[in-house]
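Listed below, chain by chain, are the residues.
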Amino acid sequence: VESMIENPVPTRAEVADLCNSVWDGTDAVMLSGEAASGKYPVEAVMAEASAVREAESVKRRLKQACPYVAVGGSAPLRPAKMLNCGMALKRQETDQTKRRTKVVASLGPASWSEELIPKMIEAGTDIFRLNCSHRRGGDFERVYPLIRKYAAEMGRKVEVLGDLQGPKFRVAELAGD
């Protein structure tokens, strides 16, 4: 939902991408700049958690409505069930506990305050990503205990992902080599 770096709502295309990733079987979706440096980190988490939760509920509903397909000719084909627009009429799923797809949110200057971390947990963050490439003196040492503190107070299991910098490849000779 990259548009949410500057805007409070995602585009339809971004929501469709989230739904497709859930329908394709992903286990997690990630917010990067939207949460770390964007203007609307809490709204970005809420939008992403809501989109994947709804995609999961629609996926379950479609699985129930659509016929089984015979595999390898071992089972008889069932006649196709007529799909109709009534199958799409359902209440929006709002129960956060039913969501299986994890929401990963990168923390950064826009979001690692003591005020925003609990709001992002409440909005649906399951895993906080700490980008170790941008580590500044004392930031992680201050932020990590806050994540643990608020997750415990809220009774939520929240993981922390340390994203380590990969190797840097040199394309020229270094002085002294």
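Let us look at the structure shown here. Keep in mind that what you see is a predicted model, and the values were worked out from it rather than measured.

Basis of the calculations
- Residues numbered from 1 in each chain as written.
- Predicted model: local features only at pLDDT ≥ 70, side-chain atom pairs only at ≥ 80, totals over all residues.
- Heavy atoms only, no water.
- Core = buried A, V, L, I, M, F, W, Y, C linked by side-chain atoms within 4.5 Å.
- Buried < 20%, exposed > 50% of the residue type's maximum accessible area, 1.4 Å probe, protein only.
- Helix = DSSP H or I, 4+ residues; strand = E, 2+ residues; numbered from the N terminus.
- Expected span 1.5 Å × (residues − 1).
- Arc of directions from axis to C-beta.
- Salt bridge = Lys/Arg side-chain N within 4 Å of Asp/Glu carboxyl O.
- Pairing = 2+ DSSP bridges.
- Contact = heavy atoms within 4.5 Å.

Overview of the nonpolar core
Soluble, globular proteins show a tendency: their nonpolar side chains are buried together. Ranked by internal contacts, the top residues of the largest apolar core, which has 34 residues, are Leu31, Leu107, Ile117, Met120 and Phe128. Of all the secondary-structure elements, those providing two or more residues to this core are helix H1 (12-23), strand E1 (28-31), helix H3 (41-65), strand E2 (102-107), helix H4 (116-123), strand E3 (127-131) and helix H5 (139-154).

Section: H1
Helical geometry note: an α-helix holds 3.6 residues per turn, so side chains three or four residues apart project in the same direction. An ideal rise of 1.5 Å per residue puts 16 Å on 12 residues; H1 measures up with 16 Å between its terminal C-alpha atoms. All buried positions along H1 are accounted for by Glu14, Leu18, Cys19 and Val22. All buried residues of H1 fall inside an arc of 140° around its axis, so they share one side. Away from its buried face by more than 90 degrees, H1 exposes Arg12 and Asp17. Backbone geometry just after H1 places Gly25 at a positive phi near 100°.

Details of the pattern of salt bridges
Taken as a whole and assessed by the stated rule, the structure comprises 7 salt bridges. Residues Glu6 and Lys39 are paired through a salt bridge, measuring 2.9 Å at the closest nitrogen-oxygen approach. On the criterion of sequence distance, the pair formed by Glu6 in the segment before H1 and Lys39 in the loop between helix H2 (33-36) and H3 is long-range, its members being 33 residues apart. Take Glu6: its relative accessible area is 47%, and that puts it in the partly exposed class. Residue classification places Lys39 among the exposed residues on the basis of a relative accessible area of 55%. Ionic pairing is found between Lys119 and Glu115, a salt bridge with its closest N-O pair at 3.2 Å. For Glu115, a relative accessible area of 53% corresponds to the exposed category. By sharing partners, the salt bridges in this structure join Arg99, Asp126 and Arg156 into a single network.

Some points on H4
Counted residue by residue, H4 has 6 buried out of 8 residues, so it is predominantly covered. Of all the positions in H4, only Leu116, Ile117, Pro118, Met120, Ile121 and Ala123 are classed as buried.

So, the pairing of E1
Only one face of E1 is buried: it carries Val29 and Leu31, and the other face, with Ala28 and Met30, is open. Of the strand pairs in this sheet, E1 and E2 are connected by 4 bridges, and their pairing is parallel. By the bridge assignment for E2, Leu31 is matched with Ala105.

Some details on the environment of Thr125
Structurally, Thr125 can be placed in the loop between H4 and E3. Of the residues examined, Thr125 reaches a relative accessible area of 0% and is grouped as buried. Ignoring anything within four residues of it in the chain, the contact list for Thr125 reads Val45, Val103, Ala105, Met120, Arg156 and Val158.

These results come straight from atomic positions and should not be treated as a statement about function.
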